[in-house]
Amino acid sequence: MSDTLQNGPGPLGFVIRRARPEDCGDIVRMIKELAKHDGLGHKVAITEEKLREDGFGEIPYFHCFVAETTPDSTSESTQIVGYAMYFFMYCTFMGRVIFLEDFYVYPQFRGSGIGTELMKKVAQVGVETKCTKCEFIVHDENSSARRFYEKLGAVNSTVEGDWRRFFWYKFDVPSMEQLANKGS
Ligand SMILES: CC(C)(COP(=O)(O)OP(=O)(O)OC[C@H]1O[C@@H](n2cnc3c(N)ncnc32)[C@H](O)[C@@H]1OP(=O)(O)O)[C@@H](O)C(=O)NCCC(=O)NCCS
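Keep in mind that this is a model prediction, so the values were computed, not measured.

1. Some details on the UniProt feature "domain: N-acetyltransferase" (unreviewed entry) in the chain
Next, step 1: Residues annotated in UniProt with the feature "domain: N-acetyltransferase" (unreviewed entry) correspond here to residues 14–174.
Next, step 2: Between the C-alpha atoms that bound residues 14–174 there is a distance of 44 Å. The span itself is 33% helix and 24% strand.

What follows is the structure, encoded as structure tokens:
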């Protein structure tokens, strides 16, 4: 994989690497930006501390790649400009599944191949870990992201797999607790 790409009038070098605990502040900021982009900014309750605990503890509940700029002649400092977060699930029909939870690149860094390289890394993990598919959900109005995924070869399983007849349910914490303690 090439680490150095051209971005607009100046050279933009970047690397894609695994996130480290000290990246969690940057990751939270990007999670909030992505949520705002989807009109869900008010829903984000995650904190840097929680991310560090959940992603880098004994059991990692998620995995994450970040895109970081590399130092150049004008600046020694680097900046995290995008991320792809994923975790593993299991499908009883198929087997292992890699689920892409979040995927984001700051607007001023888009269109330079960073998103493609992040997705490529996630796909490589999926292949290496023998996953049967890489799944994710996209807002129906996010046509630019939908185009991006489709160009990379993703198919819309809501349509192709006829998932339109399924609803996405959840137990929230009070209802989980109520159920967990039922009868006791
Ligand atoms: C989806 C996203 C991560 C892609 O990141 P990216 O770094 O722009 O991806 P790439 O540069 O690899 O490819 C983007 C494609 O869009 C085109 N593009 C050009 N300018 C662009 C711009 N300003 N913004 C977005 N895409 C642009 C690119 O040319 C490329 O198409 P091409 O392969 O035909 O050239 C990024 O657009 C993003 O963060 N979007 C908002 C958040 C989002 O929708 N996330 C997905 C949620 S499901």
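2. Let's talk about the packing of helix H1 (residues 24–37) against helix H2 (residues 48–56)
Next, step 1: Their axes nearest at 9 Å, the elements H1 and H2 cross at an angle of 110°. By the criterion of interaxial angle, the relationship of H1 to H2 is roughly perpendicular. Seen along the crossing, H1 lies across H2 with a hand that is right-handed. Along its contact with H1, which presents Cys24, Gly25, Ile27, Val28 and Ile31, the element H2 presents Glu48, Leu51, Arg52 and Phe56.

3. Overview of the side chain of Thr69
Next, step 1: Within the element layout of this structure, Thr69 appears in strand E3 (residues 63–69).
Next, step 2: A polar atom in the side chain of Thr69 sits 2.7 Å from the backbone nitrogen of Gln79.
Next, step 3: Filtering out sequence-adjacent residues up to four positions away, Thr69 remains in contact with Leu12, Gly13, Phe14, Thr78, Gln79, Val81 and Phe109.

4. Overview of the site of the ligand
Next, step 1: Taken together, 18 residues form the shell around the ligand, and within it Phe103, Gly113, Thr116, Asn142 and Lys151 come nearest.
Next, step 2: A distance of 3.3 Å separates an oxygen atom of the ligand from a polar side-chain atom of Arg110.
Next, step 3: In the environment of the ligand, an oxygen atom lies 2.9 Å from a nitrogen or oxygen atom belonging to the backbone of Gly111.
Next, step 4: Burial of the ligand by the surrounding chains reaches 67%, relative to a free accessible area of 900 Å².
Next, step 5: Listing elements by their share of the shell around the ligand, those giving two or more residues are H1, strand E5 (95–105), helix H3 (114–128) and helix H4 (143–151).

5. Points about the packing of aromatic side chains
Next, step 1: Tallying each qualifying case throughout the model produces 10 aromatic pairs.
Next, step 2: An angle of 35° between the planes, with centres 4.2 Å apart, marks the rings of Phe136 and Tyr149 as tilted. In this pair, Phe136 is assigned in the loop between strand E6 (133–135) and H4 and Tyr149 in helix H4, connecting sequence segments 13 residues apart.
Next, step 3: Residue classification places Phe136 among the partly exposed positions, given a relative accessible area of 22%.
Next, step 4: Overall, Tyr149 belongs to the buried group, its relative accessible area being 10%.
Next, step 5: Taken together, a centroid distance of 5.7 Å and an interplanar angle of 70° make the contact between Phe148 and Tyr149 edge-to-face.
Next, step 6: Residue classification places Phe148 among the partly exposed positions, given a relative accessible area of 25%.
Next, step 7: Here the aromatic residues Phe103, Phe136, Phe148 and Tyr149 are joined through ring pairs into a cluster of three or more.

Quick notes on the rules
- Residues numbered from 1 in each chain as written.
- Predicted model: local features only at pLDDT ≥ 70, side-chain atom pairs only at ≥ 80, totals over all residues.
- Heavy atoms only, no water.
- UniProt positions renumbered as here; feature names shortened; annotations may be inferred.
- Helix = DSSP H or I, 4+ residues; strand = E, 2+ residues; numbered from the N terminus.
- Axes fitted to C-alpha atoms, helices over the stretch in contact; angles between N-to-C directions.
- Parallel < 35°, antiparallel > 145°, perpendicular 65-115°, else oblique.
- Left-handed = near helix turned anticlockwise from the far one by under 90°.
- Contact = heavy atoms within 4.5 Å.
- Polar contact = N/O pair within 3.5 Å; in protein donor to acceptor, adjacent residues only side chain to side chain.
- Near = heavy atom within 4 Å.
- Areas by Shrake-Rupley, 256 points an atom, 1.4 Å probe, with all protein chains shown as cover.
- Phe/Tyr/Trp six-rings, centres within 6.5 Å; stacked < 30°, edge-to-face > 60°.
- Buried < 20%, exposed > 50% of the residue type's maximum accessible area, 1.4 Å probe, protein only.

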